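What follows is the residue order along each chain.
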Amino acid sequence: MARDTNTKPVEKIDPVWDRIRTEAEEAVRIEPALGGFIYSSLLAHDSFEAALIHRLAQRLGSADLGSDTIVNAFEDAITAEPEIGLSARADLTATFDRDPACHRYIDPFLYFKGYQALQTHRMAHRLWSMGRKDFAYFLQSRSSMIASLDIHPAARIGKGIMIDHGHDIVIGETCVIEDNVSIMQGVTLGGTGKESGDRHPKIRRGVLIGAGAKVLGNIEIGNCSRIAACSVVLHDVPPNRTVAGVPAKVVGYAGCEEPARAMDHQVDAVAEGADQV
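Draft legend 1. How the structure looks around unusual backbone geometry. In this structure, the amide linkage connecting V246 to the following residue, P247, adopts the cis form with an omega of -5 degrees. The backbone of S148 shows a phi angle near 60 degrees, a positive value even though the residue is not glycine. For S148, the location among the structural elements is in the loop between α8 (133-147) and β1 (149-151). With a phi close to 60 degrees, N180 is a non-glycine residue in the positive phi region.

Draft legend 2. Spatial organisation of the confidence of the model for the protein. Overall, the prediction assigns the protein a mean pLDDT of 92, with 92% of residues at 70 or greater. Below a pLDDT of 50 lies the segment residues 269-274, which in the model reaches six contacts outside its immediate sequence neighbourhood of four places, other chains included.

Draft legend 3. Here's a closer look at the sheet that holds strand β12 (residues 226-227). An order of β3-β6-β9-β12-β14-β15 is seen for the six strands of this open sheet, with the pairing classed as mixed. Of all the strands in the sheet, just β3 (162-163) and β15 (249-253) have a single pairing partner and so form its edges. Relative to strand β9 (residues 208-209), strand β6 (residues 182-183) is paired through two bridges, and the arrangement is parallel. Bridge pairing links S182 to L208 in β9.

Draft legend 4. A look at the pairing of β15. Bridge count between strand β14 (residues 241-244) and β15: four bridges; the pairing is antiparallel. Looking at the pairing, V243 lines up with V250 of β15. With antiparallel pairing between neighbouring strands as the criterion, β14 and β15 make up a hairpin whose turn holds four residues, including G245 at a positive phi of roughly 110 degrees.

Rules and cut-offs
The residue numbering used here restarts from 1 in each chain and proceeds along that chain's sequence as written. With pLDDT at 70 or above as the cut-off, local features in this predicted model cover only qualifying residues; side-chain atom pairs require 80 or more to be listed or tallied, and sums for whole chains, interfaces and linings still use all residues. Heavy atoms from the whole structure form the basis of all side-chain values; hydrogens and water molecules are not counted. Here a strand is any run of E in DSSP of at least two residues, a helix any run of H or I of at least four, and the numbering for each starts at the N terminus. One number per residue, pLDDT, summarises how confident the predictor is, and it ranges from 0 to 100. By definition, residues are in contact when any of their heavy atoms lie within 4.5 Å. Strands are treated as partners if at least two bridges between them are detected by DSSP.

What follows is the structure, encoded as structure tokens:
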């Protein structure tokens with residue numbers, strides 16, 4: 001059979017980007033006054049990555065450093081690490097799936113400061129790894145100023161992360177957060193004093209961290225554990241457990257396979273003979 005030389009190449013499939021564009025077009029139809037904003041943030045760009053870079057730069061630009069310079073730096077970061085775009089899509093999907101206040105994909109992209117601060121961190125982390133530490137520090141400082149989230153550029157964060165509300169959150173330099181973790185407002189993942197070196201928590205996959213919780217020191221929060229709101233955790237937490245209190249104690253099992261996805265903060269009963277962690 002003769003080869004059909006007129007066949008068009010198959011376009012790259014990007015369902016997240018396609019949905020964002022569709023939602024953006026509908027938003028412009030409903031609210032024409034925002035047409036210029038939505039066009040410059042989304043519809044003017046030909047890829048998810050390009051739109052993300054420009055939306056973040058719009059937020060971060062200032063008299064100290066213009067948005068064009070930030071765009072150039074972010075393009076360098078995403079060229080060096082294309083996986084940033086995949087992680088940003090996973091974070092977006094996680095936010096849509098887990099946050100009942102999120103009704104469209106464009107909501108986090110355009111408006112949610114937790115999502116935007118996390119993507120700024122991804123860019124800053126890559127620049128930090130490339131030796132551009134002053135630029136990374138500038139991004140950390142600027143993001144903290146406008147969004148009230150302070151994430152050190154060296155912190156290592158996986159994909160599928162949801163930061164709900166995104167207010168008053170601190171994530172330290174040597175912190176590690178694995179995939180599919182949910183973090184509520186007011187959470188601190190910090191140190192316990194002036195110790196140096198590896199001094200911040202390691203949050204394993206599937207963990208749910210409740211509002212106002214403080215996790216301090218070089219400790220491990222095991223896979224699929226759940227930290228109750230306002231708890232202070234100072235020691236390792238076994239996998240698939242719920243901890244609560246000041247200081248935190250094990251009060252039972254997590255109650256599901258992945259608390260970060262279930263988003264159930266209810267602590268029903270204290271387990272008999274629960275151990276302090």
